[in-house]
Amino acid sequence: MAQPAQDEIPEPDRVEGAPHPRETLALFGHERAEDEFLAAFTIGRLHHGWLITGPLGVGKATLAWRIARFLLATPEGGGLFAAPPPASLEVPADHPVARRMAALSEGRFFLLRRAWDEKAKRLKTQITVEEVRRMKAFFALSAADGGRRVAIVDPADEMNVSAANALLKLLEEPPEGVTILLVCHQPSRLLPTLRSRCRELRLSALSPEDMARALTAAGVEAGDPQALAELAGGSAGEAIRVANLEGVKLYAALVGLLSTLPRLDRARLVALADAASGKGAEPQFELMLTLIDLFLARVARAGTLRLLPPEAVPGEGDLIARLAPDARAARLWADLAQTLGNRARRGRAVNLDPAALLMDMVLRIDETAAQLA
């Protein structure tokens, strides 16, 4: 089999249905993190390693690309006649650096991510030490050009142990003028020594207002930004998936079905399972599993805190209040969420019929509701 062309290889750091972070020039809701980096840059305290953390899809990679463009497009030094300090990380789309970055042709930039496995004809499951060695060699070759050089590791969570150790050595003895930006969803999975070598920029979940702005900029119809913010946990990447798969409508159907608990409407259950598990409906099936887990988590949290979350869809608040009136009920729902999560993983591993898996999960929810009733 012939090797696929470069533009045919899937990008492991791209969210389906959304522009790649390098194509996204605007960033919303993370002004504090941008200001923190800009302040370090302005006073000359630029760390070699920056760890950008936060929930999945919240804008970490977009910030990393903004910082990389900024560093490579901003002139160094200047002495007495230097320009005033930059007021933002903004780089115009028509700037030569921005154009080269978008085309992945910038000679002072290295992108470290999962590589294509030619033998298996698929992307590797981890970032390997060979890729880190390629980055180290790149820095050595590009040193003669002078000036700043930047690398993005996206995500750092996917490095295997050997790759993480190799990157640690690079950060312990960083090349002159190099800045490495690590995008990380779960910092606890990184080596503590690796984390200690980086300065952290922590991003938080987006507000409904910032979510709507981010989705509009990405060309996605926001619909109900409050609902998307609730279902996506403030993650723009997850909100794009929910919006593209009509997830709000799917969640409304799930809430409508569960409103019949503990006398579950079996006909509605069959219809919902069929809609989320038919031929070509794999994305809807995965989203439905996510929405079931999300609903149970919202029920358990509301019962524990005795505080209802903002409604994602009409009727959800009344349903949650009825299912989780106290901490005892909350514990039952939390235990069920863990049980169903494990069952979903096993079911997918053995290719269990999606409709059967969904029906079984909802029937177990019905059993718990009957027990509480």
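Here, every reference points to the structure presented above.
Model, not experiment: these values are computed from the prediction. (Residues numbered from 1 in each chain as written. Predicted model: local features only at pLDDT ≥ 70, side-chain atom pairs only at ≥ 80, totals over all residues. Heavy atoms only, no water.)

K.L.:
What exactly am I supposed to notice about the overall build of the protein here?
P.N.:
A tally of helices and strands in the protein yields 15 helices and 7 strands. In terms of its C-alpha atoms, the protein occupies a principal-axis envelope of roughly 75 × 50 × 40 Å. The proportion of buried residues among the 373 residues of the protein is 46%. In the protein, the proportion of contacts linking residues at least 24 apart, taken out of those at least 6 apart, comes to 73%. Summed over all atoms, the accessible surface of the protein reaches about 18,700 Å², with 53% contributed by carbon and sulfur. In the protein, which carries 45 positive and 47 negative side-chain charges, the distance between the mean positions of the two groups comes to 5 Å. (Helix = DSSP H or I, 4+ residues; strand = E, 2+ residues; numbered from the N terminus. Buried < 20%, exposed > 50% of the residue type's maximum accessible area, 1.4 Å probe, protein only. Contact = heavy atoms within 4.5 Å. Areas by Shrake-Rupley, 256 points an atom, 1.4 Å probe, with all protein chains shown as cover. Lys, Arg positive; Asp, Glu negative; His and termini not counted. Charge placed at Lys NZ, Arg CZ, Asp CG, Glu CD.)

K.L.:
Before we go on, may I ask you to explain the pairing of strand β1 (residues 49-53) in this structure?
P.N.:
Every other side chain in a regular strand lies on the same face of the sheet, so the side chains alternate between the two faces. Within β1, 5 of the 5 residues are buried, which leaves it mostly tucked inside the rest of the structure. Side-chain alternation along β1 places Gly-49, Leu-51 and Thr-53 on one buried face and Trp-50 and Ile-52 on a second face that is also buried. Where β1 and strand β6 (residues 178-184) come together, 5 bridges link them in parallel fashion. Following the sheet pairing, Thr-53 is matched in β6 by Cys-184. (Pairing = 2+ DSSP bridges.)

K.L.:
Can you help me understand the packing of helix α10 (residues 247-258) against helix α11 (residues 266-275) in this one?
P.N.:
In a packed pair of helices, the relevant descriptors are the angle between the two axes and the axis-to-axis distance. Taken N-terminus to C-terminus, the directions of α10 and α11 make an angle of 155°; their axes are 10 Å apart at the nearest point. Classified by the angle their axes make, α10 and α11 are roughly antiparallel. Read as a crossing pair, α10 and α11 show a hand that is left-handed. Between α10 and α11, the residues in contact are Leu-250, Ala-253, Leu-254, Gly-256 and Leu-257 and Arg-268, Leu-269 and Leu-272, respectively. (Axes fitted to C-alpha atoms, helices over the stretch in contact; angles between N-to-C directions. Parallel < 35°, antiparallel > 145°, perpendicular 65-115°, else oblique. Left-handed = near helix turned anticlockwise from the far one by under 90°.)

K.L.:
What is the right way to look at the side chain of Glu-230 in this model?
P.N.:
When you line up the elements, Glu-230 lands in helix α8 (residues 225-232). The exposure class of Glu-230 is buried, given its relative accessible area of 17%. Apart from the residues within four sequence positions on either side, Glu-230 is in contact with Leu-294, Arg-298, Pro-309, Pro-310 and Ala-312.

K.L.:
Explain the pattern of salt bridges to me, please; I cannot follow it from the model alone.
P.N.:
Note that side chains of opposite charge can pair when their charged atoms are close. Counted by the stated rule, this structure contains 21 salt bridges. The partner of Arg-113 in a salt bridge is Glu-11, with the nearest N and O atoms 3.1 Å apart. Here the residue Arg-113 occupies a position in the loop between β2 (109-112) and β3 (116-117), and Glu-11 occupies one in the segment before α1 (31-42), the gap between them amounting to 102 residues. The partner of Glu-131 in a salt bridge is Arg-134, and the shortest N-O contact between them spans 2.7 Å. Remark: Arg-134 and Glu-131 occur in helix α4 (residues 129-142); sequence separation between them is 3 residues, near one turn of the helix. Members of the salt-bridge network, linked through shared partners, are Glu-11, Asp-13, Arg-14, Arg-22, Glu-23 and Arg-113. (Salt bridge = Lys/Arg side-chain N within 4 Å of Asp/Glu carboxyl O.)

K.L.:
Just checking my understanding: could you explain empty space enclosed by the protein for this structure?
P.N.:
Space left empty within the atom packing is revealed by a probe, the size of a water molecule, rolled over the atoms. Scanning the entire structure with this criterion turns up 1 cavity of 30 Å³ or more. What the largest cavity holds in volume is close to 40 Å³. Taken together, Leu-269, Leu-272, Ala-273, Met-288, Ile-292, Leu-358 and Val-362 make up the full set of residues lining the largest cavity. Elements that contribute at least two residues to the lining of the largest cavity include exactly α11, α12 (282-305) and α15 (354-372). Counting residues per element, the lining of the largest cavity draws most heavily on α11, which supplies 3 residues. Of the residues that constitute the lining of the largest cavity, the class distribution is 7 nonpolar, no polar and no charged. (1 Å grid on protein atoms, 1.4 Å probe; cavity = no way out; pocket = protein on both sides within 12 Å on 5 of 7 lines; lining within 4 Å. Points joined across faces, edges and corners; volume = space filled by probe spheres on them. Nonpolar A, V, L, I, M, F, W, Y, C, P; charged D, E, K, R; others polar.)

K.L.:
Would you explain the packing of aromatic side chains in this entry?
P.N.:
Each pair of aromatic rings is reported with the distance of its centres and the angle of its planes. Scanning the entire structure with this criterion turns up 5 aromatic pairs. Each member of the aromatic cluster is reached from another via a ring pair, and the members are Phe-110, Phe-138 and Phe-139. (Phe/Tyr/Trp six-rings, centres within 6.5 Å; stacked < 30°, edge-to-face > 60°.)

K.L.:
Quick question: what am I supposed to make of the pairing of β6 here?
P.N.:
The buried count for β6 comes to 7 of 7 residues, which makes it a mostly enclosed element. A two-sided burial pattern is seen for β6, the buried positions comprising Val-178, Ile-180, Leu-182 and Cys-184 on one face and Thr-179, Leu-181 and Val-183 on the other. Both strand β5 (residues 149-153) and β6 contribute to a ladder of 5 bridges, which runs parallel. In the sheet register, Arg-149 faces β6, and the bridge partner there is Val-178.

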